[in-house]
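Each chain is listed here by its residues.
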Amino acid sequence: MSLSLYDTMTRKKRAFAPADPARVTMYVCGPTVYNYAHIGNFRPVVVFDLLFRLLRHTYGEDAVIYAANVTDVDDKINRKAAEEGVPIATVTDRYLSAYNADAAALGALRPTLQPRVTETMDAIVAMIGKLVANGAAYPAEGHVLFDTQAFPDYGKLSGRPMDEMIAGARVDVAPYKRHPADFVLWKPSKENEPQWESPFGPGRPGWHIECTAMIDQALGLPIDIHGGGIDLVFPHHENELAQGCCADKVETYAHVWMHNGFLNMADEKMSKSLGNVALAHDLLKTQPGEALRWALLVGHYRAPLEWTADLIDQSRKSLDRLYGALRRAGGIEASTDQPSARLLEALNDDLNTPQAMAELFALASRLETGDAAEKARAKGELAAGGQLMGFLCADPEAWFQGGADEGLKAKIEALIEARTAARAAKDFAEADRIRVQLTELNVVVMDGPTGATWRLKEQA
Ligand SMILES: [Zn+2]
């Protein structure tokens, strides 16, 4: 049973074969941490978490290295920090903690690596230097720009003619650019904004170079899988690819390019600029993370997903159905701890989650109506298949009691960790804010001599 994945570059589903099965590498573009992330930003988090789990199942837990970056240098971060009168790290640490807590509540495993731009600056500067030395970049008016004309394959990933790409992306045509498609690798910082020293003058990196430098440093080029939202194909991934190939003089940047479809709210692309804000952080106050995870995986990852209240409601009911079958089967001893062949086949077919979920329902039916041997097998396959997908990890009783499932537990632990850090930094306003959040989650925190412990309040 082999894994096949749809590759954006070749526009077809292809058998996946890692360059080294003992070291499978995956990179997914992560968040810019200046605010709570909306639910659409968590679609790739959950989709690629599922792939991470499947790869670990196939190649072994230690064989898969998954890096998801954190952009902690950005105009929006600068604005927020200026508004609050705090250093940018105060803003980025706060929202990275929240992001990780929300991702954990959605059942996402922590990526193996979570490189941050501020911690990768030397590698970024070195890579820009290499691009200049290789004739693929040029300095102009305090900036360093990538010379798109130096890379004949530019445009191959998105597959669109250059003029269309420029028009589509509304590329800023600055007078110092040799070609309108050329993009910024390094730029001067404005007054009072954070800046870093470099041979090209003090400043900060462009967005695209961050990812290429982080991939090169954290994983090494080429990588097996590069993922992200479909909106990143152009210009972000096109530019990443051009930078990586020209800096390291490699033919291939990523063997497979994967992109998830949009999450749509009210039939429009959900984005902050449209004002359709639905923060995962807020949703998680009223919905189990596992139900939101189910909702995010209900459709095939490449298709657009219509995000509605009804979808969340149906997802909860689906999990009630599966947990209900497991609860009623409490006395049955499972005869296997492996997922069913059908479930693996569905996931190995470019993450066909609708089919994998259908198999979970089929197993739940067999668990209730099969003969003794079928029931014992179905119970094991349902639990193992669910867990492979990041579901059914809670005790069925706890699910129905609304108790702390694994995702919620992870979220609480992360919040307590963030609160301890805030107190250590004497940021008592932040510590109090986190405490309010914990109270909203029904958590009672007890501070003791060896650190904080917690329990859930008894539900009336
Ligand atoms: Zn990226």
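Please refer to the structure placed before this passage.
Each chain has its residues counted from 1, running along the sequence as written. This being a predicted model, a pLDDT of at least 70 is required before a residue's local features are given, and a value of 80 or more before pairs of side-chain atoms are given or counted; all residues contribute to the totals for chains, interfaces and linings. Side-chain metrics in this entry use all non-hydrogen atoms of the structure; hydrogen atoms and water are not considered.

A.B. asks: So what exactly am I meant to see when it comes to the overall build of the chain here?
C.D. replies: On a plain count of helices and strands, the chain comes out with 16 helices and 15 strands. Each radius of gyration is computed over the set of C-alpha atoms, and the globule rule expresses the reference value as 2.2 Å times the number of residues to the power 0.38. Relative to the globule expectation of 23 Å for 460 residues, the C-alpha radius of gyration of the chain, 23 Å, shows essentially globular dimensions. With the C-alpha coordinates of the chain rotated into their principal frame, the extents come out at 75 × 50 × 40 Å. Residue burial is assigned from relative accessible area. The probe radius is 1.4 Å, only protein chains are included, and a residue is buried under 20% of its type maximum, exposed over 50%, and partly exposed in between. Here the chain holds 460 residues, and the buried ones make up 54% of them. When the accessible surface of the chain is split by element, carbon and sulfur atoms take 50% of a total near 20100 Å². Counted charges follow a simple rule, with Lys and Arg positive, Asp and Glu negative, and His plus the chain ends left uncounted. We put the charge of a Lys on NZ, of an Arg on CZ, of an Asp on CG and of a Glu on CD. Of the charged side chains in the chain, 48 are positive and 62 negative, and the gap between their average positions amounts to 2 Å. Helix and strand labels come from DSSP, where a helix needs a run of H or I of at least four residues and a strand needs a run of E of at least two; each type is numbered from the N terminus. Computed with a 1.4 Å probe, the accessible areas rest on the Shrake-Rupley method; for each residue, only the protein chains presented here act as cover.

A.B. asks: Can you walk me through helix α9 (residues 289-297) in this structure?
C.D. replies: In terms of burial, α9 is largely enclosed, as nine of its nine residues are buried. Gly289, Glu290, Ala291, Leu292, Arg293, Trp294, Ala295, Leu296 and Leu297 are the residues of α9 that are buried.

A.B. asks: Would you mind going over the coordination of the zinc ion with me for this structure?
C.D. replies: Tetrahedral coordination by four donors puts the ideal angle at the metal at 109.5 degrees, and octahedral coordination by six puts it at 90 or 180 degrees. Metal sites are built from N, O and S donor atoms within 2.8 Å, or 3.2 Å for Na, K and Ca, and they leave out water, so they may look incomplete. At the metal site, the zinc ion is ligated by Cys29 (SG), Cys211 (SG), His236 (NE2) and Glu240 (OE), and these contacts range over 2.0 to 2.4 Å. One can describe the site at the zinc ion as irregular: its four donor atoms subtend angles covering 81 to 131° at the metal. Mapped onto the sequence, the donors of the zinc ion take the spacing C-x181-C-x24-H-x3-E. Highlighted residues: Cys29 in the loop between β3 (24-28) and α1 (42-59) and Cys211 in helix α6 (residues 207-218), separated in sequence by 182 residues. A relative accessible area of 12% places Cys29 in the buried class. Under the relative-accessibility criterion, Cys211 is labelled buried at 0%. A four-donor site is called tetrahedral if each angle lies between 85 and 135 degrees; a four-donor site is square planar, and a six-donor site octahedral, when trans pairs exceed 155 degrees and the remaining angles lie between 65 and 115; all other cases are labelled irregular.

A.B. asks: Is there a simple way to think about the nonpolar core in this case?
C.D. replies: Across soluble globular proteins, nonpolar side chains have a tendency to be buried as a group. As used in this record, nonpolar core signifies buried Ala, Val, Leu, Ile, Met, Phe, Trp, Tyr and Cys residues forming a set joined through side-chain atoms within 4.5 Å. One finds Leu51 and Trp307 to be the most contacted residues of the largest nonpolar core, which totals 83 residues. No other element matches the 10 residues that α1 contributes to this core. Not counting the four nearest positions on each side in its chain, Leu51 is found in contact with Leu3, Leu5, Met26, Ile225, Met258 and Leu351. In this structure, Ala67, Ala137, Val144 and Ala247 belong to the second largest nonpolar core, which totals 43 residues. Between two residues, a contact is recorded if the distance between any of their heavy atoms is within 4.5 Å.

A.B. asks: How should I be thinking about the sheet that holds strand β8 (residues 204-205) in this particular structure?
C.D. replies: Sheets are built from strands that pair by backbone hydrogen bonding, the pairs being arranged parallel or antiparallel. Only strands that DSSP links by at least two bridges are regarded as paired with each other. Ordered in space as β5-β6-β7-β8, the four strands form an open sheet in which the pairing is antiparallel. Strands with a single pairing partner mark the edges of an open sheet, and in this sheet they are β5 (137-140) and β8. Sheet topology note: the strand β6 (residues 143-146)/strand β7 (residues 183-187) ladder contains three bridges and is antiparallel. When the sheet's bridge partners are listed, Leu145 is paired in β7 with Val184. Contacts from helix α4 (residues 121-133) reach β5, β6, β7 and β8 within the one sheet, and its direction differs from that of β7 by about 125°. Every axis corresponds to a line fitted to the C-alpha atoms, with the helix fit spanning only the stretch in contact, and the corresponding angles, defined between N-to-C directions, vary from 0 to 180 degrees.

A.B. asks: Is there a simple way to explain the pattern of salt bridges in this structure?
C.D. replies: Two side chains of opposite charge can pair, provided their charged atoms sit close to one another. The working definition used for a salt bridge is a side-chain nitrogen of Lys or Arg within 4 Å of a carboxyl oxygen of Asp or Glu. For the structure on display, the rule yields 21 salt bridges. The residue Arg178 makes a salt bridge to Asp147 at a minimum N-O spacing of 3.7 Å. Residue Arg178 is found in the loop between α5 (162-169) and β7, and its partner Asp147 is found in the loop between β6 and α5; the two are separated by 31 residues along the sequence. Accessibility expressed as a relative area gives 59% for Arg178, which makes it exposed. Salt bridges here are not isolated pairs; linked through shared partners, they connect Glu84, Arg94, Glu430 and Arg433.

A.B. asks: I keep staring at the pairing of strand β2 (residues 12-15) and nothing clicks. Help me out?
C.D. replies: On any regular strand, side chains alternate: one points to one face of the sheet, the next to the other face. With four bridges joining them, strand β1 (residues 4-7) and β2 adopt antiparallel strand pairing. Bridge pairing in β2 links Tyr6 to Lys13.

A.B. asks: I keep staring at the side chain of Gln243 and nothing clicks. Help me out?
C.D. replies: Along the chain, Gln243 falls in helix α7 (residues 233-248). Ignoring anything within four residues of it in the chain, the contact list for Gln243 reads Leu131, Phe146, Phe183, Leu185, His208, Ile209 and Thr212.

A.B. asks: Help me understand the side chain of Arg116, please; the structure alone is not making it clear to me.
C.D. replies: Among the structural elements, Arg116 can be located in the loop between α3 (88-105) and α4. Judged by relative accessible area, Arg116 falls into the buried class, the value being 15%. Here Arg116 is in contact with Val70, Asp72, Thr92, Asp93, Leu96 and Met214, once residues within four sequence places are set aside.

A.B. asks: Before we go on, may I ask you to explain the environment of Ala247 in this structure?
C.D. replies: Within the secondary structure layout, Ala247 lies in helix α7. The sequence separation of Ala247 and Ala136 amounts to 111 residues, and the corresponding C-alpha distance is 7.9 Å. Discounting residues that sit within four places of it in the chain, Ala247 has contacts with Met127, Lys130, Leu131 and Asn134.

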